[in-house]
Structures are given as C-alpha cells and as structure tokens.
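# A look at the structure
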Amino acid sequence: VSFPNNIVPMAAEPGSPEFLVGCAVLFVCSTLAAAGGIGGGALNVPILLAVFGYSYKEAVVLSLCAVAGNTLSQVIVNSHKSHPLDKTRPIIYFDAALLLIPAQLGGNNIGVLLAAVLPTTILMVQFCCCASILFCYILFLILTCWLVIV
C-alpha cells in the first residue's frame, strides 16, 4: 500500500488485535475522563503514541479532537441539570465559564504557536513533565482523602 507523503500509516492495522485493544483502552479512558470531568488528553496521547504508532504531533491533534467531542457532549448533557443544593440554579456556573474562557483560549493559542515552532523532543519532555506533576498531585489528593476517611 502506498501512502501520500503527508499520511503515515498506523503501527496497528485496523482490525488487528493491537488496534482492537487500543480502541478498547481509548474507550475506557474516555469513559473515565468523562465521568471524572477531565478532558482525557493526558490519557489519550500516550495510547495514541504507543499503541497506534502516531507521531507526537499527530497524537496531540487526534487527542484534541477527542477532548473537544468529550467537552461538547458533557456541556450538552449537563446544561439542562440543576444545582444539587439550589434547584433554581443551573449546575454549570456560566459566569465563571465566561471569565475562564479567555484565559483558556489565550493559553491554547500560545500552545499552538509553540507547538508549531518547538521541536518534538522539547514538546514531549514538556508533556512528560506536566503529566508527572499532574500524576503526583492527583496521588497526593487521593492519599489525603484516604487518610481523612481512615
């Protein structure tokens, strides 16, 4: 099979056991991310790299598409829900969202510009550092909650 210059074949061929396992793992990670209220990008990127064999930049773009879909579906599902303590208020605090969106979009724009300029190695190191810090912080929160319960 010949591919155009800009399309790289995946390491896992569609229908192969690796591909099916990767899809199952992505499904579980997306489910957990949606249930936990996180985007899931930190879960998707390593799976797309290791199982599917995408390059780092391709994995990031695919992960962003998945996270955007997850975000849209979460907003649609939760926009009609009411606050658990005050049934007259929506569960989404739209004023806070409107205040946070400019910072998020500004950070995204700078990230896109940096991703276009910086080499892949630096981007991967940055991703690993951020993921490690996030993992340690979540582990700290889990241990703190567990110690409070016990």
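Values in this document were obtained by computation on a predicted structure and should not be read as measured data.

## What to know about the overall build of the protein
A count of helices and strands for the protein gives five helices and zero strands. Ordered by position in the sequence, the α and β elements of the protein form the string α-α-α-α-α. A globule of 150 residues ought to have a C-alpha radius of gyration of about 15 Å, yet the protein, at 19 Å, is considerably larger. The buried share of the protein, reckoned over its 150 residues, is 15%. Partitioning the contacts of the protein with sequence separation of at least 6, the portion at a separation of at least 24 is 45%. Here the protein displays about 11,100 Å² of accessible surface, and carbon together with sulfur accounts for 76% of that area. Each charge class in the protein was averaged separately, 4 positive and 5 negative side chains, and the resulting centres sit 15 Å apart.

## Quick notes on the layout of surface pockets
Approximately 1,800 Å³ is the volume found for the largest pocket. In terms of lining residues, the largest pocket is bounded by 41 residues, among which Gly39, Leu64, Val67, Gln104 and Asn108 are the most central. Breaking the lining of the largest pocket down by element, the ones donating at least two residues are helix H2 (41-50), helix H3 (56-78), helix H4 (94-117) and helix H5 (120-149). Among the elements that line the lining of the largest pocket, the one with the most residues is H3, at 13 residues. Split by residue class, the lining of the largest pocket holds 27 nonpolar, 13 polar and one charged. Within this model, the second largest pocket holds a volume of roughly 170 Å³. Lining the second largest pocket we find Ile38, Gly39, Gly40, Gly41, Ala42, Leu43, Leu134 and Ile138.

Conventions used here
- Residues numbered from 1 in each chain as written.
- Predicted model: local features only at pLDDT ≥ 70, side-chain atom pairs only at ≥ 80, totals over all residues.
- Heavy atoms only, no water.
- Helix = DSSP H or I, 4+ residues; strand = E, 2+ residues; numbered from the N terminus.
- Rg over C-alpha atoms; globule rule 2.2 N^0.38 Å.
- Buried < 20%, exposed > 50% of the residue type's maximum accessible area, 1.4 Å probe, protein only.
- Contact = heavy atoms within 4.5 Å.
- Areas by Shrake-Rupley, 256 points an atom, 1.4 Å probe, with all protein chains shown as cover.
- Lys, Arg positive; Asp, Glu negative; His and termini not counted.
- Charge placed at Lys NZ, Arg CZ, Asp CG, Glu CD.
- 1 Å grid on protein atoms, 1.4 Å probe; cavity = no way out; pocket = protein on both sides within 12 Å on 5 of 7 lines; lining within 4 Å.
- Points joined across faces, edges and corners; volume = space filled by probe spheres on them.
- Nonpolar A, V, L, I, M, F, W, Y, C, P; charged D, E, K, R; others polar.

That is the geometry; function is a separate question.
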